[in-house]
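An overview of the molecular structure
What follows is the residue order along each chain.
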Amino acid sequence: QSASVAQGGNDPCGAAKFEHLVGTPGDKVQASMFPAGARVLRPGMVMTMDYRGDRLNVVVNEAGKVDRVYCG
């Protein structure tokens, strides 16, 4: 299991279902692919720092690849 998903089986946002996207091109992912409220975070984007365990976050890195999928 990837370190991106919370340990202990705690996956309130369903991040494990999207772990297969890690390493794929960021231009292939859109917020509409994910549950309502999910965020696709790209380099330089402004984001709130509030923690919501039920929110899925998909992080695209500087290289343009999906780097991380996590709840928060």
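In short, a report on the structure. Given the structure is predicted, the values throughout are model-derived calculations rather than measurements.

What to know about the overall build of the chain
If you tally the helices and strands in the chain, you get zero helices and three strands. Element order for the chain, N to C, with α for helix and β for strand: β-β-β. Burial analysis of the chain (72 residues in total) assigns 36% to the buried set. Summed over its atoms, the accessible surface of the chain is roughly 4400 Å², and 55% of this surface lies on carbon and sulfur atoms.

Details of the nonpolar core
With 14 residues, the main nonpolar core has Val-29, Phe-34 and Leu-56 as its most contacted residues. At the level of secondary structure, the elements contributing two or more residues to this core comprise β2 (56-60) and β3 (66-71). Those residues within four positions of Leu-56 in sequence are excluded, and the remaining contacts are Cys-13, Ala-15, Phe-18, Phe-34, Pro-35, Ala-38, Arg-39, Val-69 and Tyr-70.

As for the pairing of β3
Examined bridge by bridge, β2 and β3 share five bridges and lie antiparallel to one another. Each residue of the ladder has a partner; that of Val-60, found in β3, is Val-66. Taking the residues between adjacent antiparallel strands as the criterion, β2 and β3 are bridged by five residues, where Gly-64 takes a positive phi near 85 degrees.

A few points about the side chain of Arg-55
Assignment of secondary structure puts Arg-55 in the loop between β1 (39-41) and β2. Given a relative accessible area of 5%, Arg-55 falls into the buried group. Here Gly-72 takes part through its backbone oxygen, which lies 2.8 Å from a polar atom of the side chain of Arg-55. Once residues within four sequence positions are removed from consideration, Arg-55 is found in contact with Cys-13, Gly-37, Arg-39, Thr-48, Asp-50, Tyr-70, Cys-71 and Gly-72.

Examining the packing of aromatic side chains
Evaluated as defined, the whole model comprises one aromatic pair. When the ring of Phe-18 is compared with that of Phe-34, the centres are 5.0 Å apart and the planes differ by 75 degrees; the resulting orientation is edge-to-face. One end of the pair, Phe-18, is in the segment before β1; the other, Phe-34, is in the segment before β1, with 16 residues separating them in the sequence.

Each value, and the rule that gives it
Residues numbered from 1 in each chain as written. Predicted model: local features only at pLDDT ≥ 70, side-chain atom pairs only at ≥ 80, totals over all residues. Heavy atoms only, no water. Helix = DSSP H or I, 4+ residues; strand = E, 2+ residues; numbered from the N terminus. Buried < 20%, exposed > 50% of the residue type's maximum accessible area, 1.4 Å probe, protein only. Areas by Shrake-Rupley, 256 points an atom, 1.4 Å probe, with all protein chains shown as cover. Core = buried A, V, L, I, M, F, W, Y, C linked by side-chain atoms within 4.5 Å. Contact = heavy atoms within 4.5 Å. Pairing = 2+ DSSP bridges. Polar contact = N/O pair within 3.5 Å; in protein donor to acceptor, adjacent residues only side chain to side chain. Phe/Tyr/Trp six-rings, centres within 6.5 Å; stacked < 30°, edge-to-face > 60°.

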